[in-house]
Amino acid sequence: MKKVAFIGGYFDKSDILLYLSKIIYETGKKVLLIDATAVQKTKFIVPTIAPGKTYITTFLGVDVAVGFDSMNTLRTYLKVAPGGDL
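Residues numbered from 1 in each chain as written. Predicted model: local features only at pLDDT ≥ 70, side-chain atom pairs only at ≥ 80, totals over all residues. Heavy atoms only, no water.

Enquirer: Describe in detail the sheet that holds strand β1 (residues 32-35), supporting the description with residues and values.
Expert: If you walk across this open sheet you meet the three strands as β1-β3-β2, and the pairing is mixed. Looking at which strands have only one partner, the edges of the open sheet turn out to be β1 and β2 (55-59). Adjacent strand axes in the sheet meet at a mean angle of 25°, parallel and antiparallel pairs treated alike. Relative to strand β3 (residues 62-66), β1 is paired through four bridges, and the arrangement is parallel. Of the residues in β3, the one forming a bridge with Ile34 is Ala65. Here helix α1 (residues 14-26) sits on the sheet and contacts β1, β2 and β3; the angle it forms with β3, its principal contact strand, is near 145°. Packing of helix α3 (residues 71-78) onto the sheet brings it into contact with β1, β2 and β3, and relative to β2 it is tilted by some 80°. (Pairing = 2+ DSSP bridges. Helix = DSSP H or I, 4+ residues; strand = E, 2+ residues; numbered from the N terminus. Axes fitted to C-alpha atoms, helices over the stretch in contact; angles between N-to-C directions. Contact = heavy atoms within 4.5 Å.)

Here's what the structure looks like:
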């Protein structure tokens, strides 16, 4: 598993990250896009049937995680052992 992080607060990167994730998905890779920003704009861009405080939904083949503030919170949601690969 490879991890890539995009950091910066001046410009919103949600759209470009969704496009980049779709391109990576089309190459045959699994992609989990995690929106851990303060604003969490992705929840307004990606449609979901049952939104909650934290959730994972699939959009155009890409898994999108919204509402998670740490990797441990995400691991708990996915029932993965602490320190385990996602």
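Enquirer: I'd love a proper account of the packing of aromatic side chains, names of residues and values included.
Expert: Scanning the model with the defined rule gives one aromatic pair in all. Relative to Tyr77, the ring of Phe68 has its centre 5.1 Å away and its plane inclined at 70°; by these criteria the two rings are edge-to-face. Judged by its relative accessible area of 2%, Phe68 falls in the buried class. (Phe/Tyr/Trp six-rings, centres within 6.5 Å; stacked < 30°, edge-to-face > 60°. Buried < 20%, exposed > 50% of the residue type's maximum accessible area, 1.4 Å probe, protein only.)

Enquirer: Describe a nonpolar patch on the surface, naming the residues involved and giving the relevant values.
Expert: A grouping of Leu32, Ile34, Met71, Tyr77 and Leu78 is seen on the molecular surface, where their side chains present a nonpolar patch of about 370 Å² in accessible area. Of note, Tyr77 is situated in helix α3. (Patch = residues over 30% accessible without salt bridge, like charges linked within 9 Å, V, L, I, M, F, W, Y side chains within 5 Å. Areas by Shrake-Rupley, 256 points an atom, 1.4 Å probe, with all protein chains shown as cover. Salt bridge = Lys/Arg side-chain N within 4 Å of Asp/Glu carboxyl O.)

Enquirer: Kindly report on the pattern of salt bridges, identifying the contributing residues and their values.
Expert: Inspection of the entire model under this criterion finds one salt bridge. Linking Lys22 and Glu26 is a salt bridge whose minimum nitrogen-to-oxygen distance equals 2.8 Å. Highlighted residues: Lys22 and Glu26, both in helix α1, separated by four residues, approximately one helical turn. Owing to a relative accessible area of 52%, Glu26 belongs among the exposed residues under this scheme.

Enquirer: Report on the pairing of β3, specifying residues and quantitative values.
Expert: Most of β3 is tucked away, with four of its five residues classed as buried. Pairing of β2 with β3 involves five bridges; the strand directions are antiparallel. Looking at the pairing, Phe59 lines up with Val62 of β3. Hairpin connection between β2 and β3: a loop of two residues separates the two successive antiparallel strands, and Leu60 in this loop has a positive phi of roughly 55°.

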